[in-house]
Amino acid sequence: MVTGVRVVQQYERGVVFRLGRVRGQVRQPGITLLVPVVDRMRKVNVQVITMPVPAQEGITRDNVSVSVDAVLYFRVVEPIKATVDVQNYSFAMLQVAQTSLRSIIGKSELDDLLSGRENLHQGLEVMLESPAAGWGVHIDRVEIKDVSLPDSMKRSMARQAEADRERRARIITADGEFQAAAKLAEAAVKMSETPAAMQLRLLQTVVEVAAERNSTLVLPFPVELLRFFEASAARAAEAGAPPVPAVPAQAVPTQAPAPAPADGS
């Protein structure tokens, strides 16, 4: 009886073979008794196994060469099937994961591999569940770990992203100019209703310029004065009179004759 005593750990299950035939009952954690020479027990680990899937190279549906690796999480739920129906369930799961990963690469596009991975994870899990169920293995989770791209593709994507950022910057700048023009038009309408507002805005501009302590003071020239001169010139042209000059000509002083000398010469 001492030779037939075995201990099964909490994270293990015992599959007993009696004269080569598997027993229908799985031995639970704790102390179990075997018939010496007749029974043999094989312990199966039922913990969650983390298996890295090596990088698989493939061509996506949009003809881009990529290298993708993944990680697989699974555990044994039926120790008898995992022991009898498959020789090495860990190696079998690794091979199935590699072939499924290559298959999912060929069915997907590059954008899906980079941003839409949730659907790919679900697709990989469905592809692995079919053979794993026959081996007594349950797939907990499968995830794509990394996607490697060629250097030429990385440069192309960088140029595309830069062009997209420039496009958005130009659109934002144009939108700002449009909003500023709309606000200026509204301000012009308000100022046209109250002419004194234009004078107040002119004085405020002068104050802002003078606050910089500059030696030169710039005064804006009223546009209305130019329009006045243009209207005066148009009226004079219609009446047949010479146009009014914008700047009056200065009179040239005449030189007085020199006085005669006192001796009469």
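Numbers given for residues are sequential positions, taken from 1 along each chain in its written order. In keeping with the predicted nature of the model, local features appear solely for residues at pLDDT of at least 70, side-chain atom pairs appear and are counted solely at 80 or more, and the whole-chain, interface and lining totals rest on all residues. Hydrogens and waters are ignored; side-chain quantities use all the structure's heavy atoms.

Q: A description of the nonpolar core should follow, citing residues and the corresponding values.
A: V66, V68, L72, F74, Y89, M93 and L101 are the most contacted members of the largest nonpolar core, which has 35 residues in total. Of all elements in the fold, only strand 6 (49–59), strand 7 (65–76), helix 2 (89–107), helix 3 (110–114), helix 4 (117–134) and strand 8 (137–148) reach the threshold of two or more residues within this core. Contact definition: two residues touch when any of their heavy atoms are within 4.5 Å. Setting aside chain neighbours within four positions, we find V66 in contact with Q56, E57, G58, T60, I105, L110, L113, V147, S148 and L149. Side-chain atoms within 4.5 Å link the members of a nonpolar core, which is a set of buried Ala, Val, Leu, Ile, Met, Phe, Trp, Tyr and Cys residues. Throughout, exposure labels follow a simple rule: accessible area from a 1.4 Å probe, protein chains only, divided by the maximum for the residue type, with under 20% read as buried, over 50% as exposed, and the rest as partly exposed. Numbering of helices and strands starts at the N terminus; helices are DSSP runs of H or I of at least 4 residues and strands are runs of E of at least 2.

Q: For the pattern of salt bridges, give the residues involved together with the corresponding values.
A: Put simply, a salt bridge is a Lys or Arg side-chain nitrogen that is within 4 Å of an Asp or Glu carboxyl oxygen. The tally for this structure, following the rule as stated, stands at 7 salt bridges. As a salt-bridge pair, E78 and K81 come within 3.3 Å of each other at their nearest N and O atoms. Note on E78: relative accessible area 34%, which makes it partly exposed. Salt bridges sharing common partners tie together D164, R167 and R168.

Q: Give me the lowdown on the environment of L124, citing residues and values where you can.
A: Within the secondary structure, L124 sits in helix 4. The exposure class of L124 is buried, given its relative accessible area of 2%. Residues contacting L124, with those up to four places away along its chain left out, are S100, L101, I104, V142 and I144.

Q: Mind laying out the side chain of Q56, listing which residues take part and the relevant values?
A: Mapped onto the elements, Q56 comes out in strand 6. Polar contacts involving the side chain of Q56 include one to the main-chain carbonyl oxygen of P54, which spans 3.1 Å. In contact with Q56, other than residues within four places in its own chain, are V66, S67, V68, Q98, L101, R102 and I105. The definition of a polar contact used here is a pair of N or O atoms within 3.5 Å, where within protein one atom must be able to donate a hydrogen and the other to accept one, and adjacent residues in sequence count solely through side-chain atom pairs.

Q: Tell me about the sheet that holds strand 5 (residues 39–45), and name the residues and values.
A: Pairing is antiparallel across the open sheet formed by 3 strands, whose spatial order is 3-2-5. Each of the sheet's edge strands pairs with one partner strand only, and the pair in question is strand 3 (21–22) and strand 5. Here the rule is simple: two strands pair whenever DSSP picks up at least two bridges between them. With 2 bridges joining them, strand 2 (residues 12–18) and strand 3 adopt antiparallel strand pairing. Within the sheet, the bridge partner assigned to R18 lies in strand 3 and is R21.

The quantities given are spatial measurements derived from coordinates; they are silent on function.
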